[in-house]
Amino acid sequence: MDRWDEDLFDEGSDDESGMPTRVKKIFSAIDSPQRLRILRTLNSKGPLSYSDLKKFAGFHPKSESGKFAYHLRSLDNPVLVLLDKNTKQYDITSLGKTAINLVKQIEEKSIRESGRMYVRTSHQAIEDFNSDKILQSLVREGHMPLDLAHRITEETKNRINRYRTSHLTGPLIRELVNAVLLEGGHEDYRSKMARLGIPVHDLQQMLTDVDSVMAGLEHIMLAAGQRVFVEYLLTNILPQDVADMYLAGGVHISNLALWPLAPDTVFLNLNDIIRESSVDTPSLVKTFNHILWEASSEVVIDGMADTDSAPQHMRDALIMMHAPQGAAHLSLYTPLKSKYIHDTLESYKAYVSSVDGCAAGLIVDVRGVDIAKYSDTLSDIIKSGGSITVTKQKMGRSGITEQSGARASAKMHSLAINLPRLAYESEGDEAFFRAKLTTRMEPIISALETRRKDIANITRGGLNPTLADNVIKQEKKSVNVIVNLVGMHEAMTHILGDSYPHNIQLKVLKTANSKAAKISSKTGFPIFISMIHGDGAARLVELDAKRYGKDKVYGTPNSGYQHGISIDIRKTLIPGQLGDIISNTEKTATMLGGGMYTELLYDIDTPLSDIKHGLELLSGRVNFTVKPRHGSS
């Protein structure tokens, strides 16, 4: 029998009071608030090293070292705490847990019988109700003036006494404080004091929903966490006018939960984020899994086809990559003139053939190369379900472009203006439409600028280490704010009819660019306009249909408003049509410094030869992503 077993079963002889010696040692050990702190820390956090236990239990690392050592020894003799000699970590024993539960029951019964009010705190403790803590929270959390905090505290205390509530909880007190704040017209303070979370009913639904349960514990935890961050954004981070625009459908914000935490698209070079002399599969997997959480929409990595050993490990790394819901999409930027381009294309093709649904895409830059040399391979990849974007500059598959020339950069672009909404409100007046657009841009750019600063600060604090090393140090050069425009085609059609002149669209973009340049000159940071792919076009159609009626709204809830420009691959095969399509696309793209999304659509039964022909005709003239038509696959 080891020492733990001996101590557990050997109670020892009784003392003069008749109390067993071992029991007396236990009561003596827990007769100290410092020792109870140690036990409660281990009970809530699990095994800890000596230094971590001292820190988490609230002992000063230098001035209270001796005191901590004394109290820890006092818990060792009755075996309330045990040291694992292998891991060098302390943990609470089952006897220790019994002891703190006993203390908790005694405290609770004592307070109940005294007739006083007590509070179950969020720190798993029970305390006497103390209104001073309300006052302190109002000043600390709400930044409230002291005289107002006193008045709110007094009113809350009166309500608690009036309700004769003997059993209080932290959340209940906070609800009462917030009710007092609302009734007094202090809505701003109420937002700061609100407790973030989700209704009990919603959480129960999440736990019983078949799809959620089948998706696994990670999905449920992520979904619950996202709900909290979304509420935090809409009530405390976004300016109220921008939050109202979002809720009403005037704008859309993609990836709401990650708005204050990470940029949308990040461009990085493989050699800057993997510093080993040779790239192998484990290093690629580790890099992919880690970096996908430092952006909300897309991570574009270049250098894969320039690094000796990278292509041969790429297939296995992509298959092993963990890309759960909420992580950014991975895109590999690969100029066709790169040294190891053949190996890269073959590795990506093998990856596409090995998985059901691609979590990574390939962006091929055709500058200086005839795509015909590779169009057979690219067509095979596309028909197999791979994601291919063809470009003549560095860009992401959403259409966002890298215009700074930096090896690493970050883009903020997830806030999109609903152009059809402005068109419906303008009642056919094109000049009024452009005036409303410039008015809407100002608060949106202000919100994006605030976001840029917040993300830079939190990144410097250690949240996004790769961005901190590669992007934030050159923030002025490598971080861009981009205003996205959604539904240009539908807006122009509503105002001018189906055959609207293309020059009017360019006129709208010129107005938007002028406004962005004016604000950029004040902030010192570049601000660009884009028409790129996002995730909110269907939501905007649905909200507009409810507001104006389905018969007035262009677009359907399934497909949403148009992002950028769509080109049917069949039109590229019709003589005389392609020239106008390319000309209009090029003119629009030159007006969009942030980027333009162009999709080349094919059907599931489109012949491989037609896809190859479309690639060769458009390559080098416009940037485009090849996609199956909605519902065709």
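Preceding this paragraph is the structure being described.
A brief report on the enclosed structure follows.

## Overview of a nonpolar patch on the surface
Among the surface-exposed residues, Phe27, Leu102 and Ile106 lie close enough to one another that they form a single nonpolar patch of about 260 Å² accessible area. Tracing the backbone shows Ile106 in helix α6 (residues 94-114).

## Notes on helix α28 (residues 608-618)
Those residues of α28 that sit buried are Ile611, Gly614, Leu615 and Leu618. Down the axis of α28, the buried side of the element spans an arc of 100°, and every buried residue falls inside it. For α28, the secondary structure elements touched by its buried residues are α19 (375-383), β11 (388-391), β16 (565-568), α27 (578-590), β18 (598-602) and β19 (624-628). In the segment just after α28, Gly620 is the residue with positive phi, at about 85°.

## What to know about helix α3 (residues 33-45)
Here α3 contains 13 residues, and its C-alpha end-to-end distance of 18 Å stays within 8% of the 18 Å for a straight helix at 1.5 Å per residue. Residues of α3 that are buried include every one of Arg35, Leu36, Ile38, Leu39, Thr41 and Leu42, and no others. With its phi angle positive at about 85°, Gly46 sits one or two positions after the end of α3.

## Structural notes on the pairing of strand β7 (residues 265-269)
Most of β7 is tucked away: five of the five residues are buried. Sheet topology places β7 next to strand β8 (residues 298-302); five bridges connect them, and they run parallel. Its bridge partner lying in β8, Asn269 is registered against Asp302. Where β7 lies against strand β12 (residues 409-412), three bridges are found, and the strand directions are antiparallel. When the bridges of β12 are listed, Phe267 appears paired with Ser409.

## Section: the packing of aromatic side chains
Both the distance between ring centres and the angle between the ring planes are used here to describe each pair of aromatic rings. Taken as a whole, this structure holds five aromatic pairs when the rule is applied. With centroids separated by 5.0 Å and ring planes inclined at 70°, the aromatic side chains of Tyr50 and Phe68 adopt a geometry described as edge-to-face. On the criterion of sequence distance, the pair formed by Tyr50 in helix α4 (residues 50-56) and Phe68 in helix α5 (residues 65-76) is long-range, its members being 18 residues apart. Phe68 sits in the buried class, given a relative accessible area of 0%. Taken together, Tyr50, Phe59, Phe68 and Tyr90 form an aromatic cluster joined through their ring pairs. Seen from the ring of Phe59, Arg37 lies directly overhead, with NZ or CZ sitting 4.9 Å from the centre. For Arg539, the ring lying beneath its charged end belongs to Tyr246, and the centroid distance is 4.0 Å.

## Points about the pairing of β12
Two faces belong to every sheet, and in a regular strand the side chains alternate between them. Of the two faces of β12, the one carrying Ser409 and Lys411 and the one carrying Ala410 and Met412 are both buried. Sheet analysis places β12 next to strand β14 (residues 479-486), joined by three bridges and oriented parallel. Counterpart to Lys411 in the pairing with β14 is Asn480.

## Quick notes on the pattern of salt bridges
One pass over the structure, following the stated rule, counts 25 salt bridges. Here Glu155 and Arg159 are joined by a salt bridge, their closest N and O atoms 2.9 Å apart. Of the two residues, Glu155 and Arg159 are both situated in helix α8 (residues 146-163); the distance of four residues between them amounts to about one turn of the helix. Given a relative accessible area of 29%, Glu155 falls into the partly exposed group. Owing to a relative accessible area of 11%, Arg159 belongs among the buried residues under this scheme. As a salt-bridge pair, Asp568 and Arg570 come within 2.6 Å of each other at their nearest N and O atoms. Sharing partners across several salt bridges, the network here consists of Asp568, Arg570, Asp603 and Arg629.

What counts and how
Along each chain, the written sequence defines residue order, and numbers are assigned to residues from 1. Local features in this predicted model are restricted to residues of pLDDT 70 or higher, and side-chain atom pairs are both shown and tallied only at a pLDDT of 80 or more, whereas totals for entire chains, interfaces and linings draw on every residue. Just so you know, side-chain values use all the structure's heavy atoms and leave hydrogens and water out. Patch building starts from residues that exceed 30% relative accessible area and form no salt bridge, then joins like charges within 9 Å and nonpolar side chains (Val, Leu, Ile, Met, Phe, Trp, Tyr) within 5 Å. Only the protein chains shown count as cover for residues, with accessible areas throughout obtained via the Shrake-Rupley method and a probe of 1.4 Å. Salt bridge, as applied in this entry: a Lys or Arg side-chain nitrogen positioned within 4 Å of an Asp or Glu carboxyl oxygen. Numbered from the N terminus, helices here are DSSP runs of H or I no shorter than four residues, and strands are runs of E no shorter than two. Per-residue accessibility, obtained with a 1.4 Å probe over protein chains only, is compared with the maximum for each type, and a residue is labelled buried under 20%, exposed over 50%, and partly exposed between these values. Working note: the arc is built from the helix axis to C-beta atom directions. In what follows, a contact means two residues having at least one pair of non-hydrogen atoms within 4.5 Å. Expected span, for any helix, means 1.5 Å times one less than how many residues it has. Two strands qualify as a pair provided that DSSP identifies no fewer than 2 bridges between them. Ring pairs shown here join Phe, Tyr and Trp side chains whose ring centres sit within 6.5 Å, with only the six-membered ring taken for Trp; geometry is labelled stacked below 30 degrees between planes, edge-to-face above 60, and tilted in between. In this scheme, the term charge over a ring applies when either NZ of a lysine or CZ of an arginine sits within 6 Å of the ring centre and within 35 degrees of the ring normal.

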